[in-house]
Each structure stands twice: as C-alpha cells, then as structure tokens.
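Each chain, written out:
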Amino acid sequence: MYSLLYYVWNPTGITGIALALAGARVMLTDLPHILPLTRENVTANLRPIHAAMVAEHRWGSDATPLLQLVGDTRVA
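About the criteria used
Residues numbered from 1 in each chain as written. Predicted model: local features only at pLDDT ≥ 70, side-chain atom pairs only at ≥ 80, totals over all residues. Heavy atoms only, no water. Core = buried A, V, L, I, M, F, W, Y, C linked by side-chain atoms within 4.5 Å. Buried < 20%, exposed > 50% of the residue type's maximum accessible area, 1.4 Å probe, protein only. Helix = DSSP H or I, 4+ residues; strand = E, 2+ residues; numbered from the N terminus. Contact = heavy atoms within 4.5 Å. Pairing = 2+ DSSP bridges. Right-handed = clockwise from strand over helix to strand, strands pointing away. pLDDT = per-residue confidence, 0-100. Arc of directions from axis to C-beta. Polar contact = N/O pair within 3.5 Å; in protein donor to acceptor, adjacent residues only side chain to side chain.

**Brief notes about the nonpolar core**
(1) Moving on: In terms of nonpolar packing, the biggest core is built from eight residues, these being Ile 17, Ala 20, Val 26, Leu 28, Leu 35, Val 42, Leu 46 and Val 54.
(2) Moving on: Elements supplying a minimum of two residues to this core: α1 (14-21), β2 (26-30) and α2 (35-45).
(3) Moving on: When sequence neighbours within four positions are dropped, the list of residues in contact with Leu 35 reads Asp 30, Val 54, Ala 55 and Glu 56.

**Notes on the pairing of strand β3 (residues 52-56)**
Each regular strand displays side chains that alternate between the two surfaces of the sheet.
(1) Moving on: Pairing of β2 with β3 involves five bridges; the strand directions are parallel. Looking across to β3, one finds that Asp 30 is bridged to Glu 56.
(2) Moving on: Following the chain from β2 across α2 to the adjacent parallel β3, one finds a crossover that is right-handed.

**Considerations on the confidence of the model for the protein chain**
Low pLDDT means the predicted coordinates in that region are not meant to be read closely.
(1) Moving on: Per-residue confidence for the protein chain gives a mean pLDDT of 80; residues scoring 70 or more make up 79%.
(2) Moving on: Within the protein chain, strand β1 (residues 5-7) has the poorest average pLDDT of any element, 62, and α2 the best, 92.

**Overview of the pairing of β2**
(1) Moving on: Most of β2 sits inside the fold, with five of its five residues counted as buried.
(2) Moving on: By the alternation rule, side chains of β2 split into Val 26, Leu 28 and Asp 30 and Met 27 and Thr 29, which are all buried.

**Here we look at α2**
(1) Moving on: Taken as a whole, α2 has its buried residues at Leu 35, Thr 38, Asn 41 and Val 42. Along the long axis of α2, the arc covered by the buried residues comes to 130 degrees, so they all point the same way. What points out from α2, more than 90 degrees from its buried face, is the exposed set Pro 36, Glu 40, Thr 43 and Ala 44.
(2) Moving on: The elements touched by buried residues of α2 are α1, β2 and β3.

**Overview of the environment of Asp 62**
(1) Moving on: Within the secondary structure, Asp 62 sits in the loop between β3 and α3 (64-69).
(2) Moving on: A polar contact is formed between the side chain of Asp 62 and the side chain of Thr 64, at a distance of 2.8 Å.

**Notes on α1**
Owing to its 3.6 residues per turn, the α-helix aligns residues three or four sequence positions apart on the same side.
(1) Moving on: Of all the residues in α1, the buried ones are Gly 16, Ile 17 and Ala 20. End-on view of α1: buried residues confined to an arc of 100 degrees, all on one side of the axis.
(2) Moving on: Against the buried residues of α1 lie β2, α2 and β3.
(3) Moving on: Looking one or two residues past α1, Gly 23 carries a phi angle of roughly 110 degrees, positive in sign.

As structure tokens, this is what we get:
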C-alpha cells in the first residue's frame, strides 16, 4: 500500500484538499501557471497538520523527481 496520493491536473486543488482533510498524504500537481491558485486554495483550506504538497508536473513526464521530494521511489 502506498502512503502518498499523486494527483495530476488539479487546477483548484479541491480533490486533494478533500483527501488531505480525510487524512491522506497528497501531492497536487499542475502546470506552472496554475500552481498559484492551487497553492492559495491549499493554504486557505488546510492546516499544517494536513499532509499536502503542491508541485509542478506535466502529465506524461517522469514522476521520479516528485517522488524524491517525499522520499518515495515507488511508482504505482
């Protein structure tokens, strides 16, 4: 079982925010021009106790750097 949900294309962050509120560890990703909105929504809706990261990622590209950010080298 994996401890991190890696969610691609997440403009508002609502899915990741809901999952983080439910106790999941999430990484919300999108293109660079979308990330400010995602970060703003994560900051407004989650507390530091919730495990959520926001990172740049283009769908179809190598996810290894993202997994290294969280210390996980497994790919589901």
